[in-house]
Amino acid sequence: MRQRPSDFTLRQLDIFVHAARMGSFALAAEKLGISQPAVSDHIGTLERHLGHRLFERRRGTTPLLTREGIDMLHRAESLLTTSQAMRRDDRSDLVGDMVKIRLSIGIRSREIHLKPLLPRIYRELPHVELEIVPALPIGQVAAALANRDIDRLRDSVGRPPLRLPNIHLLGDVPILLVAAPEMAHLIEGGALRIEDVQFILPDFGVIAEQWLERQLTGAGIHPHRPIRYLEYADVIQGIVEDGMGVSILMEEQVAPAIVAGRLVTLGPELEPMRRIIARSPMAPRAAEEIERLLIQEITSKTRTR
């Protein structure tokens, strides 16, 4: 059967979803291995078929989804998910008789939430093999879930990306501006300006870094030194306790040090982070069981804190 010029294809939907999720025709072209003009042509053909624009785009600016584009994004993802589920070989998820689940989770969450849960996972889900994927920059998560580079995400973010598939908000994570008592005494007494102190912040990816920096700006703090970022929050805490800087850290992490007098809080109350969990639409059914156990673990720890 000959294709009519007005028909759209799954390929066009796939290109549209990549461009929408990545916020860039150029990045979508790079990801898909085609040229940027080809991305524009495919999306233009799709728009002509639908009879409305999917993006507001001007030269030199980031393409933004129109209201119709947002609606079409959800429809396109549903169509692609159905198509991929019909065509994929379920054996690709199997390792021997095991089902592999790719879990993206931060280092601290691995220690606090995943590690205590592992015995239960292997007891209740003996057919599951977990592959731990390093935490991704939040801007890359949507594409990774859509492409099933990861099956499940567990993360804490400043502003949750609500367009992620199968997302659950698991509550607020209070954060605190902390310093060693001696440094806090100098700052509060006026002998040391907080703007002159070295700020060392957790490396949560570019979007989260910008959000943390906005927390400082909102509190009227404009550091004179370049902010340093480190991946390991426990290392940052040790540096701050040694009086070599100040940081913004999760209350659940630093609470024991505050009680022990090794750290004190500074400045106004900060906006909390949000704990989220999300699942790829193409993830094996076992990923839903992992999600259930993770939510139980996280909520039980929150209630007993």
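My aim in this report is to walk through the structure given alongside it, one point at a time. (Residues numbered from 1 in each chain as written. Predicted model: local features only at pLDDT ≥ 70, side-chain atom pairs only at ≥ 80, totals over all residues. Heavy atoms only, no water.)

## Concerning the overall build of the protein chain
For the record, the criterion: The secondary structure listing takes helices from DSSP runs of H or I that are at least 4 residues long and strands from runs of E that are at least 2 residues long, numbered from the N terminus. The buried label applies to any residue whose accessible area, calculated with a 1.4 Å probe on protein chains only, is under 20% of its type's maximum; exposed applies above 50%, and partly exposed to all values in between. It only takes one pair of heavy atoms within 4.5 Å for two residues to be counted as in contact. Areas reported here follow the Shrake-Rupley algorithm with a probe of radius 1.4 Å; residue values treat only the protein chains shown as occluding.
Helices and strands together make up the secondary structure of the protein chain, namely 12 helices and 13 strands. For the protein chain, the proportion of its 305 residues judged to be buried stands at 43%. Nonlocal contacts in the protein chain, meaning residues at least 24 apart in sequence, comprise 73% of its contacts between residues at least 6 apart. Total accessible area computed for the protein chain in this model is approximately 16300 Å², and 52% of it derives from carbon and sulfur atoms.

## Describing the environment of Leu117
Following the sequence through the fold, Leu117 ends up in the loop between helix H5 (107–114) and helix H6 (118–124). Through-space distance from the C-alpha of Leu117 to that of Glu297 is 7.2 Å; in sequence the pair is 180 residues apart. The contacts of Leu117, once residues within four sequence positions are left out, are Leu293, Leu294 and Glu297.

## A word on the side chain of Gln198
Spelled out, the test is: Whenever two N or O atoms come within 3.5 Å, that pair is a polar contact, provided that in protein one can donate a hydrogen and the other can accept it, and provided that, for residues adjacent in sequence, both atoms are side-chain atoms.
Mapped onto the fold, Gln198 is located in the loop between helix H8 (181–188) and strand E9 (200–202). A polar contact is formed between the side chain of Gln198 and the backbone oxygen of Pro226, at a distance of 3.0 Å. With sequence-adjacent residues up to four places away left out, Gln198 is seen in contact with Arg225, Pro226, Ile227, Arg228, Met244, Gly245 and Val246.

## Overview of the packing of helix H1 (residues 10–22) against helix H2 (residues 25–32)
Where we set the bar: Where helices are involved, their axes are fitted lines through C-alpha atoms of the stretch in contact, as for all axes, and angles between N-to-C directions lie from 0 to 180°. An angle below 35 degrees is read as roughly parallel, one above 145 as roughly antiparallel, one from 65 to 115 as roughly perpendicular, and any other as oblique. Each crossing gets its hand from how the near helix is turned against the far one by less than a right angle, where anticlockwise is left-handed and clockwise is right-handed. When residues are grouped by polarity, Ala, Val, Leu, Ile, Met, Phe, Trp, Tyr, Cys and Pro land in nonpolar, Asp, Glu, Lys and Arg in charged, and all others, Gly among them, in polar.
Where H1 contacts H2, the axes come no closer than 8 Å and their chain directions differ by 125 degrees. It follows from the interaxial angle that H1 and H2 lie oblique. Viewed along their axes, H1 and H2 form a crossing whose handedness is right-handed. Facing H1, whose interface residues are Arg11, Asp14, Ile15, His18, Ala19 and Met22, H2 presents Phe25, Leu27, Ala28, Lys31 and Leu32. Looking at the contact of H1 with H2 residue by residue, the classes come out as seven nonpolar, one polar and three charged.

## Some details on the nonpolar core
Our working rule: Nine residue types can take part in a nonpolar core, namely buried Ala, Val, Leu, Ile, Met, Phe, Trp, Tyr and Cys, and a core is a set of them joined through side-chain atoms within 4.5 Å.
Ranked by internal contacts, the top residues of the largest apolar core, which has 21 residues, are Ile175, Leu177, Ile194, Phe199, Val246, Ile248 and Leu266. Residue assignment for this core shows that the elements contributing at least two residues are strand E8 (175–179), H8, helix H9 (206–218) and strand E11 (247–250). Listed in part, the 20 residues of the second largest apolar core include Phe16, Ile43, Met72 and Ala76.

## What to know about the pattern of salt bridges
Oppositely charged side chains can form a pair if their charged atoms are brought close together. Where we set the bar: Throughout this description, the term salt bridge denotes a Lys or Arg side-chain nitrogen within 4 Å of a carboxyl oxygen of Asp or Glu.
This structure, assessed with the given rule, holds 12 salt bridges. Residue Glu131 is joined to Lys100 by a salt bridge in which the shortest nitrogen-to-oxygen separation is 3.6 Å. Of this pair, Glu131 sits in strand E5 (residues 128–133) while Lys100 sits in strand E4 (residues 98–105), and the two are 31 residues apart along the sequence. A residue is classified by how much of its surface remains accessible, and Lys100, at 23% relative accessible area, is partly exposed. As a salt-bridge pair, Arg262 and Glu241 come within 3.1 Å of each other at their nearest N and O atoms. Of this pair, Arg262 sits in the loop between helix H11 (251–259) and strand E12 (264–266) while Glu241 sits in helix H10 (residues 233–241), and the two are 21 residues apart along the sequence.

## Section: the sheet that holds E8
So the rule is basically this: Should DSSP find at least two bridges between two strands, the strands are taken to pair.
Strand order in this open sheet of three strands is E11-E8-E12, and the pairing throughout is antiparallel. Both outer strands of the open sheet, E11 and E12, are each paired with one neighbouring strand and no more. Going from strand to strand, the sheet's axes swing by 60 degrees on average, the running direction of each strand aside. Running over the sheet, H8 touches E8 and E12 and is turned about 35 degrees from E12. In the packing of H10 onto the sheet, contacts are made with E8 and E11, and the angle to E11 comes to roughly 130 degrees.

## Here we look at a nonpolar patch on the surface
What counts is decided by this rule: Two joining distances apply to patches: 9 Å for like charges and 5 Å for nonpolar side chains (Val, Leu, Ile, Met, Phe, Trp, Tyr), and every residue must have over 30% relative accessible area and no salt bridge.
Where nonpolar side chains cluster on the molecular surface, the patch consists of Phe8, Leu10 and Leu79 and spans about 240 Å² of accessible area. Position of Leu79 relative to the elements: it lies in helix H4 (residues 67–87). A residue is classified by how much of its surface remains accessible, and Leu79, at 42% relative accessible area, is partly exposed.

## So, the packing of aromatic side chains
How we decide: Pairing of aromatic rings covers Phe, Tyr and Trp, the last through its six-membered ring, and needs centres within 6.5 Å; plane angles under 30 degrees mean stacked, over 60 mean edge-to-face, and all others mean tilted.
In this structure the tally under the stated criterion is two aromatic pairs. Taken together, a centroid distance of 5.7 Å and an interplanar angle of 70 degrees make the contact between Phe16 and Phe55 edge-to-face. Here Phe16 is found in helix H1, whereas its partner Phe55 is found in strand E1 (residues 55–56), with 39 residues between them in sequence. With a relative accessible area of 1%, Phe55 lands in the buried category. With centroids separated by 5.2 Å and ring planes inclined at 80 degrees, the aromatic side chains of Phe25 and Phe55 adopt a geometry described as edge-to-face. Of this pair, Phe25 sits in helix H2 while Phe55 is found in strand E1, placing the two residues 30 residues apart along the sequence. You can call Phe25 buried: its relative accessible area is 7%.

## Observations regarding the pairing of strand E13 (residues 273–279)
With respect to burial, E13 is a largely interior element, six of its seven residues being buried. Strand direction decides the pairing type here: strand E7 (residues 168–173) and E13, joined by four bridges, are antiparallel. From the neighbouring strand, Val173 faces E13, where its bridge partner is Met273.

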